[in-house]
Amino acid sequence: GEFFRYTIGEPVSLPRRRSGMIPILNETIPGERVSIYNPEVHGRHPMNGLRLTNSSSLSLMAGPVTVFEEGIYAGDARIDDLRPGAKRLVSFSLDLDTEVMRLDRSLPELITRLSLRKGVLQITKTLRRETAYTLINRGDKSRAILVEHPASPDWKLAEPASFQERTEDLYRFAVATPAGRDKTTELRVAEERVVESAAALSSMGADTVLFYASQKGISGKVREALNGLAKKQAELAEIVRQKKQAETRIAAIHREQERIRGNMAGLDRASALYQRYVSTLGEQETALTALTGELDGLQVREMEKKKEIDDFLGGLEAF
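From a predicted model like this one, the values you see are computed outputs, not experimental measurements. (Residues numbered from 1 in each chain as written. Predicted model: local features only at pLDDT ≥ 70, side-chain atom pairs only at ≥ 80, totals over all residues. Heavy atoms only, no water.)

**Here's the deal with the packing of aromatic side chains**
Part 1: Tallied over the full model, the rule gives five aromatic pairs.
Part 2: Summarising the aromatic geometry, the rings of Phe211 and Tyr212 are spaced 5.3 Å apart at their centres and angled 65° between planes, so their arrangement reads as edge-to-face.
Part 3: When its relative accessible area of 11% is taken as the criterion, Tyr212 is described as buried.
Part 4: Put simply, the rings of Phe163, Tyr171 and Phe173 touch in pairs and so form one group of aromatic residues.
Part 5: Above the ring of Tyr171, the side-chain terminus of Arg166 is found at 4.6 Å from the ring centroid.
Part 6: Looking at Lys232, its charged tip hangs above the ring of Phe312, at a distance of 5.5 Å from the centre. (Phe/Tyr/Trp six-rings, centres within 6.5 Å; stacked < 30°, edge-to-face > 60°. Buried < 20%, exposed > 50% of the residue type's maximum accessible area, 1.4 Å probe, protein only. Lys NZ or Arg CZ within 6 Å of the ring centre and 35° of its normal.)

**Considerations on the sheet that holds strand β7 (residues 120-137)**
Remark on secondary structure: sheet strands pair via backbone hydrogen bonds, oriented parallel or antiparallel.
Part 1: Taken in spatial order, the five strands make up an open sheet running β9-β12-β7-β6-β13, and their pairing is antiparallel. Strands with a single pairing partner mark the edges of an open sheet, and in this sheet they are β9 (156-159) and β13 (317-318).
Part 2: Note: β9 against strand β12 (residues 184-200), three bridges, orientation antiparallel. The residue of β12 that forms the bridge with Glu159 is Ala190.
Part 3: Packed on one face of the sheet, helix α2 (residues 220-264) meets β6 (98-117) and β13 and runs near 70° to β6. (Pairing = 2+ DSSP bridges. Helix = DSSP H or I, 4+ residues; strand = E, 2+ residues; numbered from the N terminus. Contact = heavy atoms within 4.5 Å. Axes fitted to C-alpha atoms, helices over the stretch in contact; angles between N-to-C directions.)

**Considering the pattern of salt bridges**
Part 1: Evaluated as defined, the whole model comprises 26 salt bridges.
Part 2: Across the pair Glu191 and Arg129 runs a salt bridge, and its minimum N-O distance is 3.3 Å. Of the two residues, Glu191 is situated in strand β12 and Arg129 in strand β7; the sequence distance between them amounts to 62 residues.
Part 3: Since its relative accessible area comes to 2%, Glu191 is described here as buried.
Part 4: Using a relative accessible area of 25% as the deciding quantity, one classes Arg129 as partly exposed.
Part 5: We note a salt bridge from Arg259 to Glu256, for which the minimum N-O separation is 2.5 Å. Of this pair, Arg259 and Glu256 both sit in helix α2, separated by three residues, roughly a single helical turn.
Part 6: Residue class for Arg259 comes out partly exposed when judged on its relative accessible area of 42%. (Salt bridge = Lys/Arg side-chain N within 4 Å of Asp/Glu carboxyl O.)

This is the structure we're talking about:
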């Protein structure tokens, strides 16, 4: 550690074979009475504590501290090295007069920005999480409570607007709590995080595209482009549906023809049933020819619509 020394202002004389305790510092230094709540220390009650200021001209070495309140023993604590003018929080016992209830919740993500470039959708989302602290002071005096809330480097404090202290790992919020069994004080801490991602529009269905188009806060140009894409995708989906329907009907006719030909194998060709089967096969062949032509046309339309969408995406830029 850093070097410092204590200088004894008055000479001390000791007789042989005797010992003595020499006071190095005997001064009054200021301290503010606070309660310190940290859920990692105790989930329900804060700790009684002091905010000490070393107003002396000497460094205080790290070590144990015994705390008395109004002449009565209140607890023990430890402090780190305290340089002149430095401040330190010291906690020494459980504050049973004060109770804290904590409730965490995560809010739905909010899409704040969308942009389009050559078929890729750039998505900016804001994630928000909140923690509500309810503080109850059942003592007969008002009390200042320091609420220590964990701080994450990826999250930005949104509420409240300011904090009393910030360390590497936590925020400290000062909350004044009036005395009274039925009186509660609320502290709401909200944090936000901005997340960016990208997604290929070609892999999205029309419903997903329309979901993004319905988001508030996006530009009119982006909304128009997404609605236009969703319309083209819906048209493509209808063509695909009609194509599958035609394929299903063709497959059904082929199965029916196999059944009829199986039945005809054991019939006399001059029988009425045989002749009816021949007529049915003829009608089915006519229907197959029409369906095959319809299917070919749908396949061409599907390819054209896919190319139309690819060209639309390739030239798409909107912010």
